[in-house]
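Coordinate inspection notes
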Amino acid sequence: MRRQIKRIFSEKTVWIGIAAVLIGILAGNIASDGNMKDWSQKSIWQIVSDGFSSRIMLFLLPVAASFSGADFYLREKQSGFLKMYVTREGRKRYRRERISQILYHTGVIFTAAFVMAAGLRIAAGKKMILAVVPDGPVQEGFAVCGIWLRAALISAVFANLGAICAVLTQSLYLTMGIPLVCYYFLILLQERYFEQFPWLSPGMWITENSWIGWLIVLILFGTVTGIHAKLLKRDLREIS
């Protein structure tokens, strides 16, 4: 686990994903307050809640997804070392590691962005204990954690979609671009043509704390991850 996390941080693309999420949190708070004057008066939980609930984060989320390891398998295949990796690790273990790699990447990106935002908040001057304790009931802290976790899972969904494109098309451009296109298409579809169906928008999946929000996210995550695993298994069979 430690070796994998260290390897993830060594990749430049991961830092782009971290920057996208961190910018989304900070810019979301600016958009919410109109300025940064109230920054020092908020707890970390309120900052994260305002950031992830903002429209700016809604549009930056697929950027983080595109840099969450979706192209890892394709890069190894194009490098010519794929057969060596599969022979050394075995098909089953290799497939399991590549599937989990996306989840690791997503977790690192969102956790690092959260920690950086918390560090900036504490550095802004408020006492640490006041910055960490939720402004309201403890349930509000759990609700913010739910928003953060659903955002990470949604990012993993679209990262897996990119990985599916990598297996099917062998194109880096489609691997990085299709998740962005599909994500923004859902937003456009809901806002322009299906305003009465807010559940079509990824933004609702993030902010809705009811069981429906969790159900949609978990079904999408399980389905897309399962399809990715099946296609990767089929592709690896061709390696002799």
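Up top you'll find the structure we're talking about.
1. Structural notes on the overall build of the chain
Across its full length, the chain holds 12 helices and 0 strands. Along its sequence from the N terminus, the chain presents helices and strands in the succession α-α-α-α-α-α-α-α-α-α-α-α. Across the 240 residues that make up the chain, the buried fraction comes to 46%. Pairs at least 24 residues apart make up 79% of the contacts formed inside the chain by residues separated by at least 6 positions. With an accessible surface of roughly 12,400 Å², the chain has 67% of that area assigned to carbon and sulfur atoms.

2. What to know about helix α10 (residues 172-192)
End to end, α10 covers 30 Å across 21 residues, agreeing with the expected 30 Å (1.5 Å per residue, within 8%). Remark: the principal bend of α10, roughly 25°, maps to Ile178, with a proline, Pro179, within the next four residues. Listing the buried residues of α10 in full gives Thr175, Met176, Pro179, Tyr183, Ile187 and Gln190. The N-terminus of α10 is capped by Ser171, whose side-chain oxygen sits 3.4 Å from the backbone nitrogen of Tyr173.

3. Thoughts on the packing of helix α7 (residues 91-123) against helix α12 (residues 211-237)
Between α7 and α12, the least distance of the axes is 10 Å, while the angle of their chain directions is 145°. α12 is crossed by α7, and the crossing has right-handed handedness. Along its contact with α7, which presents Arg91, Tyr94, Arg95, Arg98, Ile99, Ile102 and Leu103, the element α12 presents Phe221, Thr225, His228, Ala229, Leu232, Lys233, Leu236 and Arg237. By residue class, the composition of the contact of α7 with α12 is 8 nonpolar, 2 polar and 5 charged.

4. With respect to the packing of aromatic side chains
Using the criterion set out here, one finds 6 aromatic pairs in the structure. An angle of 85° between the planes, with centres 5.7 Å apart, marks the rings of Tyr183 and Tyr184 as edge-to-face. With a relative accessible area of 1%, Tyr183 lands in the buried category. One residue, Arg150, lies across the ring of Trp214, its end atom 4.9 Å from the ring centre.

5. Describing the pattern of salt bridges
Applying the stated rule across the entire model yields 6 salt bridges. With a closest N to O distance of 2.5 Å, Glu191 and Arg55 form a salt bridge. Note that Glu191 is positioned in helix α10 and Arg55 in helix α4 (residues 55-66), a separation of 136 residues in sequence. With a shortest N-O distance of 4.0 Å, Arg98 and Glu97 are connected by a salt bridge. Overall, the relative accessible area of 18% leaves Glu97 in the buried class.

6. Some remarks on helix α5 (residues 72-79)
Those residues of α5 that fall on the buried side of the exposure criterion are Phe72, Tyr73, Leu74 and Glu76. The first or second residue beyond α5 is Gly80, which carries a positive phi of 90°.

7. Some details on the nonpolar core
Counting 52 residues, the largest nonpolar core has Val21, Phe52, Phe110 and Ile154 as the members making the most contacts within it. Looking at this core element by element, the count peaks at 11 residues for helix α9 (residues 138-169).

8. Digging into a nonpolar patch on the surface
Together, Phe9, Trp15 and Met116 make up an exposed nonpolar region whose accessible area comes to about 260 Å². When you line up the elements, Phe9 lands in helix α1 (residues 2-9).

Quick notes on the rules
Along each chain, the written sequence defines residue order, and numbers are assigned to residues from 1. Local features are withheld for residues below a pLDDT of 70 in this predicted model, meaning they are given only at 70 or higher, and side-chain atom pairs are given and counted only at 80 or more; totals for whole chains, interfaces and linings count all residues. The side-chain values count all of the structure's non-hydrogen atoms but skip hydrogen atoms and water molecules. Under the scheme used here, helices are H or I runs from DSSP no shorter than 4 residues and strands are E runs no shorter than 2 residues, and both carry numbers assigned from the N terminus. Accessible area is worked out with a 1.4 Å probe on protein chains only. A residue is then buried under 20% of its type maximum, exposed over 50%, and partly exposed in between. Only heavy atoms enter the contact rule, under which two residues are in contact if any of them lie within 4.5 Å. Values of accessible area rely on a 1.4 Å probe in the Shrake-Rupley scheme; residue burial ignores everything except the protein chains shown. What a helix is expected to span follows from its residue count: subtract one and scale by 1.5 Å. Bend, in this description, refers to the angle at a residue between axes fitted to the seven residues ending there and the seven starting there. Under this definition, polar contacts are N or O atom pairs within 3.5 Å; protein pairs additionally need one hydrogen-donor-capable and one acceptor-capable atom, and for neighbouring residues in sequence, both atoms have to be side-chain atoms. Orientation is described by axes fitted as lines to C-alpha atoms, over the contacting stretch for helices, and by angles from 0 to 180 degrees between their N-to-C directions. If you view the pair so one helix is near and one far, a crossing is left-handed when the near helix is turned anticlockwise from the far one by less than a right angle, and right-handed when it is turned clockwise. In this classification, Asp, Glu, Lys and Arg are treated as charged, Ala, Val, Leu, Ile, Met, Phe, Trp, Tyr, Cys and Pro as nonpolar, and every other residue, Gly included, as polar. Here a Phe, Tyr or Trp ring, Trp counted by its six-membered ring, pairs with any other such ring whose centre lies within 6.5 Å, and the pair is stacked when the planes are under 30 degrees apart, edge-to-face when over 60, and tilted otherwise. Only when the NZ of Lys or the CZ of Arg is both within 6 Å of the ring centre and within 35 degrees of the ring normal is a charge said to sit over the ring. Salt bridge criterion: a side-chain nitrogen from Lys or Arg within 4 Å of a carboxyl oxygen from Asp or Glu. In plain words, nonpolar cores are sets of buried Ala, Val, Leu, Ile, Met, Phe, Trp, Tyr and Cys residues tied together by side-chain atoms within 4.5 Å. Here a patch means residues that are over 30% exposed by relative accessible area and free of salt bridges, tied together within 9 Å if like-charged and within 5 Å if nonpolar (Val, Leu, Ile, Met, Phe, Trp, Tyr).

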